[in-house]
Structures are given as structure tokens and as C-alpha cells.
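Architecture at a glance
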Amino acid sequence: MNLSHIEHLGIAVRNLQEAIPYYENVLGLKCYNIEEVADQKVRTAFFKLGDTKIELLEPTSEESTIAKFIENRGEGVHHIAFAVRGIEQALAEAEEKGVRLIDKTPRAGAEGMTIAFLHPKSTQGVLTEFCEKR
Ligand code: ZN
């Protein structure tokens, strides 16, 4: 498969307004976009660092997988996302090599990306996302 770089790291936070000042005032990054992804019941805040982004994820509902993640494990790194060319082929290839897929078909994510997740049981506990610009 054709991975080019780490597109972003997803970090689960309870509250964007409380988390953003750390990235801006301590690390000196700039939040350039806040976007709600209704589909996933999250609000996301984005920072850029080179080719890689930091994506903060705040649950907008207790049903959100992010809410459940925080409940079980606390705030922290939630997933790693690789930029891929040919996301459908990458998924097919992963599946063929025995990786369990959360998303058999790619779906719409934030920032105009097409995304799909691999199951952490197949990836040494790291929830892994593929994403490709739509
Ligand atoms: Zn992500």
C-alpha cells in the first residue's frame, strides 16, 4: 500500500475550550479549524505541524465512541492516521493480510477526507486510520 506520512494524531479530550490553550499557549501552535462531525458525534479542533496535524476530539454526546474512550481510559492519544493513496485498495490489502477492519468501505471524515479505521485488536492496540483527500 501507498502511505505517504502521518496525516494526523487523534487525541481525545473532554473539552476543546480547555484543551486548545495548551496547544496554542504552551506549544505555540495555532488552531485553524473547528469542525463538528455529526456522524461521529464529535467536535474536532485542528493544528498543523509540518505535514502532520493534531486533531483534538471532543465528544458531543455520551453515545460517542470518544466519550466511551475517555470513560474507560481517560483523555489521551486516541488514534494515528496515515495518509494513503488509494484508500480502497489499502483497505483490501490490509484485510487480505488478516487485519480486521472497522470500516469495510471508506466514509466521510473531517476536513474533506475519506477515512477508514482498522481494528486495534489487529494493530497492537493502536486504533489506526487511513485517510485520503477527497
Ligand atoms: Zn482521525
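Above this text sits the structure in question.
Described in the following lines is the structure provided in the data block. This is a predicted model, so every value here is computed, not measured.

Side note on the coordination of the zinc ion
Protein coordination at the zinc ion comes from His8 (NE2), Glu55 (OE), His79 (NE2) and Glu129 (OE), with a distance range of 2.0 to 2.5 Å. For the zinc ion, the four donor atoms in the first shell make angles of 82 to 174° at the metal, so the coordination geometry reads as irregular.

Quick notes on a nonpolar patch on the surface
A cluster of nonpolar side chains, namely Tyr22, Val26 and Leu27, defines an oily patch on the protein surface of about 300 Å² accessible area. Relative to the assigned elements, Val26 resides in helix α1 (residues 16–26).

Comments concerning the sheet that holds strand β2 (residues 31–37)
Reading across the sheet, the eight strands line up as β2-β3-β4-β1-β5-β8-β7-β6 and stay open at both edges, with mixed pairing between neighbours. The sheet is open, and its two edges are formed by β2 and β6 (107–108), each paired on a single side. Where α1 meets the sheet, it contacts β1 (2–12), β2, β3 (42–49) and β4 (52–59), and its direction lies at approximately 5° from that of β3.

Quick word on unusual backbone geometry
Backbone geometry places Lys41, a non-glycine residue, at a positive phi of 55°. Along the polypeptide, Lys41 turns up in the loop between β2 and β3. Within the chain, Gln124 stands out as a residue other than glycine whose phi angle is a positive 55°. In this structure, Gln124 sits in the loop between β7 (113–118) and β8 (128–133). A relative accessible area of 76% places Gln124 in the exposed class.

Examining the environment of Pro59
Residue placement: Pro59 occurs in strand β4. On a C-alpha basis, the gap between Pro59 and Phe69 in space is 9.7 Å, while along the polypeptide they are 10 residues apart.

Quick notes on the packing of aromatic side chains
All chains considered together, the criterion is met by three aromatic pairs. Note on Tyr22 and Tyr23: the rings are 4.9 Å apart at their centroids and 80° apart in plane angle, and the pair reads as edge-to-face. Look at Tyr22 and you get partly exposed, because its relative accessible area is 41%. Site record: aromatic cluster; members linked through ring pairs are Tyr22, Tyr23 and Phe47. A cation over an aromatic ring shows up here: Lys48 above the ring of Tyr32, its NZ or CZ 4.5 Å from the ring centre.

Each value, and the rule that gives it
- Counting starts from 1 at the beginning of each chain's written sequence and moves along it residue by residue.
- Side-chain atom pairs in this predicted model are given and counted only at pLDDT of 80 or more, local residue features only at pLDDT of at least 70, and totals for whole chains, interfaces and linings cover all residues.
- As a rule here, side-chain values cover all heavy atoms of the structure and leave hydrogens and water aside.
- Donors, by definition, are the N, O and S atoms found within 2.8 Å of a metal, the threshold being 3.2 Å for Na, K and Ca, and water is not counted, so a site can look incomplete.
- The geometry test gives tetrahedral to four donors whose angles all lie between 85 and 135 degrees, gives square planar to four donors and octahedral to six donors whose opposite members are over 155 degrees apart with all other angles between 65 and 115, and gives irregular to the rest.
- For patch building, the residue pool is restricted to those with more than 30% relative accessible area and no salt bridge; the joining distance is 9 Å between like charges and 5 Å between nonpolar side chains (Val, Leu, Ile, Met, Phe, Trp, Tyr).
- A 1.4 Å probe and the Shrake-Rupley method give the accessible areas. Residues count as covered only by the protein chains that appear here.
- When a carboxyl oxygen of Asp or Glu lies within 4 Å of a side-chain nitrogen of Lys or Arg, that pair is called a salt bridge.
- Under the DSSP-based scheme used, a helix requires at least four consecutive residues in state H or I and a strand at least two consecutive residues in state E, with every element numbered from the N terminus.
- Whether two strands pair depends on DSSP finding at least two bridges between them.
- The contact definition used throughout considers only heavy atoms, calling two residues in contact when any of these lie within 4.5 Å.
- Structural elements are reduced to axes, namely lines fitted to C-alpha atoms, with helices fitted over the stretch in contact, and the angle between N-to-C directions of any two is expressed from 0 to 180 degrees.
- Burial classes: relative accessible area under 20% of the type maximum marks a residue as buried, over 50% as exposed, and values in between as partly exposed (1.4 Å probe, protein chains only).
- Between 30 and 60 degrees the pair is tilted, below 30 it is stacked and above 60 it is edge-to-face, where a pair is any two Phe, Tyr or Trp rings, Trp via its six-membered ring, whose centres lie within 6.5 Å.
- Whether a charge lies above a ring is judged from NZ of Lys or CZ of Arg, which has to be within 6 Å of the ring centre and within 35 degrees of the ring normal.

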